[in-house]
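# Geometric and topological summary
The lines below spell out each chain.
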Amino acid sequence: TLSGSDTGIGHALAKHLDSLGFVVFAGVLNKDGPGAEDLRRSCSQRLSVLQLDITNTSQVKEAYLAVSEKVQNAGLWGVVNNAGILGFPADGELLPMSTYRHCMEVNFFGAVEVSKTFLPLLRKSQGRLVNMSSMAGGIPLPRYAAYGASKAALSMFSGVMRQELSKWGIKVMAIHPSGFRTGIEGTAEQWDRQEKELLDNLPADTRLAYGEEYLLGLRNYLLHLPSHCAPDLSPVLAAVLHALLARRPQGLYTPGKGAYVPLCIFCCFPLWFYDFF
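From a predicted model like this one, the values you see are computed outputs, not experimental measurements.

## Notes on the overall build of the chain
Within the chain one finds 11 helices and six strands. For a compact globule of 277 residues, the expected C-alpha radius of gyration is about 19 Å, and the chain comes in at 19 Å, within 12% of that figure. If one aligns the C-alpha atoms of the chain with their principal axes, the spans along those axes are about 60 × 45 × 30 Å. The 277 residues of the chain split such that 49% are buried. Long-range contacts, defined here as pairs at least 24 residues apart, represent 71% of the contacts in the chain between residues at least 6 apart. Accessible surface, the chain: about 13,900 Å² in total, of which carbon and sulfur atoms supply 58%. Where the 25 positive side-chain charges of the chain centre and where its 24 negative ones centre are 13 Å apart.

Given below as structure tokens:
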């Protein structure tokens, strides 16, 4: 079972697993959207598209019942918590509380609810729980206070679950990809709405401290973000596949160029050096 299959990594992963012969339950935010339609059109009959807004408790329960009915007593081999949102990347002081709450709601609470709901099926098969965190969830990165905090929470949840669920033979892994072009950045309309909310709620002295030029430059950062991201998702797909199939999967995967280096510097060097780096 896979969440966030409408676009990006989740969409590519659903197709990849289907092509390898897996029975895939692809959860999508909109079962009538273009992403869901593409999966139905291009994948085999083994793949089932499920309506799954992970922030909607009743949809999570309905997805669980649908999957339970299909797998019967066989259990479920893997749950991949992939659905996530980025939010508007800006300094932590500038971000409205709604961005923090929304990131936590989707990236953390949604993934926790899916995990808790589907664990009985994983227990039957001694299966795998794979959580798609982020490089920003392992190391502090400027402009990612809301996103990074939600992904750090997910990574810590993964670590605790890895320890607690091992007695049933369930293996839990966290994936920390570096920058990949996934479509998580959202649309221009979403940026406009979030930018407006950010600017409308700024106190006058905060606006003065940062300056108009800096505030207007936040949009440029977003516009140039895709150019710094790798278009080839295959390292992430390979990491998820290893997490699902390897006899001894790693607790943490860091796919992508440069994902491991900042983590090593953060862990092994003094903090002042990491901050300078």
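## Quick look at the environment of Glu195
Here Glu195 shows up in helix H6 (residues 188-200). Residue classification places Glu195 among the buried residues on the basis of a relative accessible area of 16%. Sequence spacing of Glu195 and Ala83 is 112 residues, and the spatial spacing of their C-alpha atoms is 23 Å.

## A short note on helix H10 (residues 260-268)
Where H10 is concerned, the buried positions are Pro262, Leu263 and Ile265. Down the axis of H10, the buried set is contained in an arc of 165 degrees. They therefore lie on one face. In this structure, H10 carries Tyr260, Cys267 and Cys268 as exposed residues pointing more than 90 degrees from its buried face. On the buried face of H10, the contacting elements are strand S6 (252-253) and helix H11 (271-276).

## With respect to the packing of aromatic side chains
This model, assessed by the stated rule, comprises eight aromatic pairs. One aromatic cluster is present, formed by Phe108, Phe109 and Phe157 through successive ring pairs.

## Regarding the packing of helix H1 (residues 8-19) against helix H2 (residues 34-42)
The N-to-C vectors of H1 and H2 enclose an angle of 10 degrees; their axes lie 11 Å apart at closest approach. Classed by the angle they form, the pair H1 and H2 counts as roughly parallel. Residues His11, Ala14 and Lys15 of H1 touch H2, and the partners they reach there are Gly35, Asp38, Leu39 and Ser42.

Quick notes on the rules
- Residues numbered from 1 in each chain as written.
- Predicted model: local features only at pLDDT ≥ 70, side-chain atom pairs only at ≥ 80, totals over all residues.
- Heavy atoms only, no water.
- Helix = DSSP H or I, 4+ residues; strand = E, 2+ residues; numbered from the N terminus.
- Rg over C-alpha atoms; globule rule 2.2 N^0.38 Å.
- Buried < 20%, exposed > 50% of the residue type's maximum accessible area, 1.4 Å probe, protein only.
- Contact = heavy atoms within 4.5 Å.
- Areas by Shrake-Rupley, 256 points an atom, 1.4 Å probe, with all protein chains shown as cover.
- Lys, Arg positive; Asp, Glu negative; His and termini not counted.
- Charge placed at Lys NZ, Arg CZ, Asp CG, Glu CD.
- Arc of directions from axis to C-beta.
- Phe/Tyr/Trp six-rings, centres within 6.5 Å; stacked < 30°, edge-to-face > 60°.
- Axes fitted to C-alpha atoms, helices over the stretch in contact; angles between N-to-C directions.
- Parallel < 35°, antiparallel > 145°, perpendicular 65-115°, else oblique.

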